Amino acid sequence: PMYGRCGSENPRWIDGSSPERQTMYARSFWKELAKAIYERDNFQCKRCGASHTGKNKLHAHHIKSWAGNKATRFEMINIISLCNICHQWVHSKENINNEFLSS
C-alpha cells in the first residue's frame, strides 16, 4: 500500500524538509555543530554512557525532530549525542515512552 506514495501522498510526510536536511547534514556547518555536541557530551551516549567506537559511533540526535520544527533545528539544547545502538532504539517501536523524542 505504500508503493509509489511519495511526498505529500506518504502518510509520514510532514513538511517536505527532507531534501533540505540531507543537504545540511553534508555541510561543514552541521559537522562542526555535531562535533560541538559530542564535545559537550564528553563523547558519550546520553542514554547508555557508551563511548564513541568504530562499531558504535555517535549520532547527533534531534529531540524535537527536524521536520516541523524549523526554529529548533540548530539549537544545541535540542540535540544530544546517542550511540548508534541507542539511536536506533529511540526511533524503534520498543521506545514506548518516546524517550528522547518530543513533538
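Residues numbered from 1 in each chain as written. Predicted model: local features only at pLDDT ≥ 70, side-chain atom pairs only at ≥ 80, totals over all residues. Heavy atoms only, no water.

A.B. asks: For this particular structure, what's the right way to read the nonpolar core?
C.D. replies: For soluble globular proteins, the rule of thumb is that nonpolar side chains tend to be buried together. Ranked by internal contacts, the top residues of the largest apolar core, which has 15 residues, are Trp30, Cys45, Ala60, Ile79 and Leu82. Looking at this core, the elements that each hand over two or more residues are helix H2 (28–40), strand E1 (58–62), strand E2 (79–83) and helix H3 (84–90). Element by element, the count of residues in this core is highest for H2, at 5 residues. (Core = buried A, V, L, I, M, F, W, Y, C linked by side-chain atoms within 4.5 Å. Buried < 20%, exposed > 50% of the residue type's maximum accessible area, 1.4 Å probe, protein only. Helix = DSSP H or I, 4+ residues; strand = E, 2+ residues; numbered from the N terminus.)

A.B. asks: Could you clarify how one ought to interpret the pattern of salt bridges in this entry?
C.D. replies: In total, this model carries 2 salt bridges according to the counting rule given. Salt-bridge contacts for Arg40 lead to Asp41; the nearest nitrogen and oxygen are separated by 2.9 Å. On the basis of relative accessible area, Arg40 is assigned to the partly exposed category, the value being 36%. Two residues, Glu99 and Arg47, come together in a salt bridge whose shortest N-O distance is 3.8 Å. Of this pair, Glu99 sits in the segment after H3 while Arg47 sits in the loop between H2 and E1, and the two are 52 residues apart along the sequence. The class for Arg47 is partly exposed, based on a relative accessible area of 34%. (Salt bridge = Lys/Arg side-chain N within 4 Å of Asp/Glu carboxyl O.)

A.B. asks: In this structure, what is going on with the pairing of E2? I would like to understand it.
C.D. replies: For a regular strand, the rule is simple: side chains alternate between the two faces of the sheet. In terms of residue burial, E2 counts as a mostly covered element, since 5 of its 5 residues are buried. Residues Ile79, Ser81 and Cys83 line one face of E2 and the alternating positions Ile80 and Leu82 line the opposite face, and both faces are buried. Pairing of E1 with E2 involves 5 bridges; the strand directions are antiparallel. Directly across from His61, in E2, lies its bridge partner Ile80. (Pairing = 2+ DSSP bridges.)

A.B. asks: Just to check I follow, could you spell out the environment of Ala34 for this structure?
C.D. replies: Here Ala34 is to be found in helix H2. For the pair Ala34 and Leu58, spaced 24 residues apart in sequence, the C-alpha to C-alpha distance is 9.5 Å.

Just distances and angles here, no functional claims.
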